[in-house]
Amino acid sequence: MKVNKAKCLYCGGCVGICPTQALELDETILRVDEGKCTKCGLCVKFCPVGAIRRDE
Ligand code: SF4
Ligand code: SF4
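Residues numbered from 1 in each chain as written. Chains lettered and ligands numbered in written order. Predicted model: local features only at pLDDT ≥ 70, side-chain atom pairs only at ≥ 80, totals over all residues.

Concerning the pairing of strand E2 (residues 23–26)
For clarity, the cut-off: At least two bridges found by DSSP between two strands are what make those strands a pair. Secondary structure elements follow DSSP: runs of H or I no shorter than four residues count as helices, runs of E no shorter than two count as strands, and numbering proceeds from the N terminus.
Relative to strand E3 (residues 29–32), E2 runs antiparallel, the two sharing 4 bridges. Across the sheet, the residue bridging to Asp-26 is Ile-29, located in E3. Adjacent in sequence and paired antiparallel, E2 and E3 are bridged by 2 residues, among which Glu-27 carries a positive phi angle near 55 degrees.

Here's the deal with unusual backbone geometry
With the exception of glycine, the majority of residues adopt a negative phi angle, and the majority of peptide bonds are in the trans configuration. Our working rule: Field definition: a residue is buried when 20 or more other C-beta atoms are found within 10 Å of its C-beta, exposed when 12 or fewer are, and partly exposed for counts in between, with C-beta atoms placed from the backbone.
Positive phi, close to 55 degrees, is recorded for Tyr-10, a residue that is not glycine. Position of Tyr-10 among the secondary structure elements: in the loop between strand E1 (2–3) and helix H1 (13–17). Judged by the 15 C-beta atoms lying within 10 Å of it, Tyr-10 falls in the partly exposed class. Of note in this structure, Gln-21 is not a glycine but carries a positive phi near 55 degrees. Residue placement: Gln-21 occurs in the loop between H1 and E2.

Remarks on the environment of Leu-30
Rule in force here: Once C-beta atoms are placed from the backbone, any two residues with those atoms within 7 Å are in contact.
Turning to its location among the elements, Leu-30 is positioned in strand E3. Of the residues examined, Leu-30 has 22 C-beta atoms within 10 Å and is grouped as buried. Sequence spacing of Leu-30 and Cys-8 is 22 residues, and the spatial spacing of their C-alpha atoms is 8.7 Å. The contact partners of Leu-30, leaving out residues within four places of it in the chain, are Val-3, Cys-8, Tyr-10, Leu-23 and Leu-25.

Next up, the structure:
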């Protein structure tokens, strides 16, 4: 997953909805643990500003 830092509001919403706890928010750093991520796409759909996407 790729996070667009210019768009991300660091609201933490995606962190809360991720079913595998693959996302971690640390102030203004949103980390994706690719080992935990199942590419389910929930965070992509959830993000209000389209800041996270699949990197293919
Ligand atoms: S939901 Fe979007 S804006 Fe909010 S922390 Fe996640 S990627 Fe950033
Ligand atoms: S694609 Fe799914 S598993 Fe991966 S970070 Fe987003 S919500 Fe979590």
